[in-house]
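# A look at the structure
Chain residues, written in single-letter form:
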Amino acid sequence: IVVAGLELCPFNQALAYHSLVLDHDDYNIVMLHGQERAYAAKDMAEVIAFSELKNKNIDYLALGHIHSFKHAPLDARGEWCYSGCLEGRGFDECGPKGFVLLDIEEASHHVNKQFIPFASRTLETVGVDVSDCMTTQEAAEQVKKVLDAGRYSSRSLIKLVLKGACRVESEFQTEYLTEKFSGGYYFF
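Predicted model, so just to flag it, every value in this text is computed and none were measured.

Here the focus is the side chain of Glu-36. Summarising the element assignment, Glu-36 is placed in the loop between strand S2 (28-33) and helix H2 (50-53). The exposure class assigned to Glu-36 is buried, which follows from its relative accessible area of 11%. Of the polar contacts made by the side chain of Glu-36, one reaches the side chain of Lys-70; its length is 2.6 Å.

Looking at the element boundaries, Glu-175 is found in helix H4 (residues 174-182). The exposed category is assigned to Glu-175, whose relative accessible area is 60%. Put simply, Glu-175 and Phe-118 are 57 residues apart on the chain and 32 Å apart in space, counted from C-alpha to C-alpha.

This part is about the confidence of the model for the protein. Overall, the predicted model of the protein reaches an average pLDDT of 91, with 96% of residues at or above 70. Strand S8 (residues 123-129) holds the highest mean pLDDT among the elements of the protein, 97, whereas helix H1 (residues 13-19) holds the lowest, 82.

Judged by side-chain polarity, Ile-1, Val-3 and Met-31 come together as a nonpolar surface patch covering roughly 270 Å² of accessible area. Residue Met-31 is classed as partly exposed on the basis of its relative accessible area, which comes to 42%.

What follows is about unusual backbone geometry. The phi dihedral of Asn-55 falls on the positive side, at around 60 degrees, and the residue is not glycine. By the secondary structure assignment, Asn-55 is in the loop between H2 and strand S3 (60-64). One non-glycine residue, Asn-57, adopts positive backbone phi at about 65 degrees. In this fold, Asn-57 is placed in the loop between H2 and S3.

Quick look at the nonpolar core now. Membership of the largest hydrophobic core comes to 16 residues, with the highest contact counts inside it found for Leu-32, Ile-48, Leu-53, Ile-58, Leu-61 and Leu-63. At the level of secondary structure, the elements contributing two or more residues to this core comprise H1, S2, H2, S3 and strand S5 (79-82). Beyond its immediate stretch of four places on either side in the chain, Leu-53 contacts Tyr-17, Leu-20, Leu-32, Ile-48, Ile-58, Leu-61, Leu-74 and Asp-75. In this structure, Val-128, Ala-140, Ile-158 and Leu-177 belong to the second largest nonpolar core, which totals 13 residues.

Moving on, we come to the sheet that holds S2. With respect to topology, five strands assemble into an open sheet ordered S1-S2-S3-S5-S4, the strand pairing being mixed. A single partner strand is all that each edge strand has here, and the edge strands are strand S1 (2-6) and strand S4 (70-73). Taken pair by pair, the neighbouring strands of this sheet meet at an average axis angle of 15 degrees, ignoring direction. The pairing of S3 with S5 spans four bridges and is parallel. By the bridge assignment for S5, Leu-63 is matched with Tyr-82.

So, how was this worked out
Residues numbered from 1 in each chain as written. Predicted model: local features only at pLDDT ≥ 70, side-chain atom pairs only at ≥ 80, totals over all residues. Heavy atoms only, no water. Helix = DSSP H or I, 4+ residues; strand = E, 2+ residues; numbered from the N terminus. Buried < 20%, exposed > 50% of the residue type's maximum accessible area, 1.4 Å probe, protein only. Polar contact = N/O pair within 3.5 Å; in protein donor to acceptor, adjacent residues only side chain to side chain. pLDDT = per-residue confidence, 0-100. Patch = residues over 30% accessible without salt bridge, like charges linked within 9 Å, V, L, I, M, F, W, Y side chains within 5 Å. Areas by Shrake-Rupley, 256 points an atom, 1.4 Å probe, with all protein chains shown as cover. Salt bridge = Lys/Arg side-chain N within 4 Å of Asp/Glu carboxyl O. Core = buried A, V, L, I, M, F, W, Y, C linked by side-chain atoms within 4.5 Å. Contact = heavy atoms within 4.5 Å. Pairing = 2+ DSSP bridges. Axes fitted to C-alpha atoms, helices over the stretch in contact; angles between N-to-C directions.

In structure tokens:
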């Protein structure tokens, strides 16, 4: 089992792909940090050129930078994976958070991969359509239906988003909704 890694930067990015040489007979894990494709991002993370990593005997390409679990085939032999982060830090990092466990049989290279949820709390953005609601009480009933259907843990951090087109006469007191539901969650 071979583990190789590199932090990509503008100075080494072109050379990094050409200098990676891995033995076909090993189980090869490569670790890189960067984005899977170019985004208009503030942090200017390096873009990972998947095409340059194909057919390099990579079995598992462990990636960092994206804070959500995501994986896909790299080529006929290997796959790439963002394991995400261990705990969400804001409502742009919702859902289950954890890590990927690789259990590799050294002789046969048989591998079991498993995403392990790790976060003690999850962040959730919950949208509720209040188009047909005229009062705060009606909106509260609609919110309760959606929260009950979602079965969110009491350890969750919930961001409620009221959606829909309402009549001008509609009245919603968001402070009331916050007070009504905040006791059921770690943060509401």
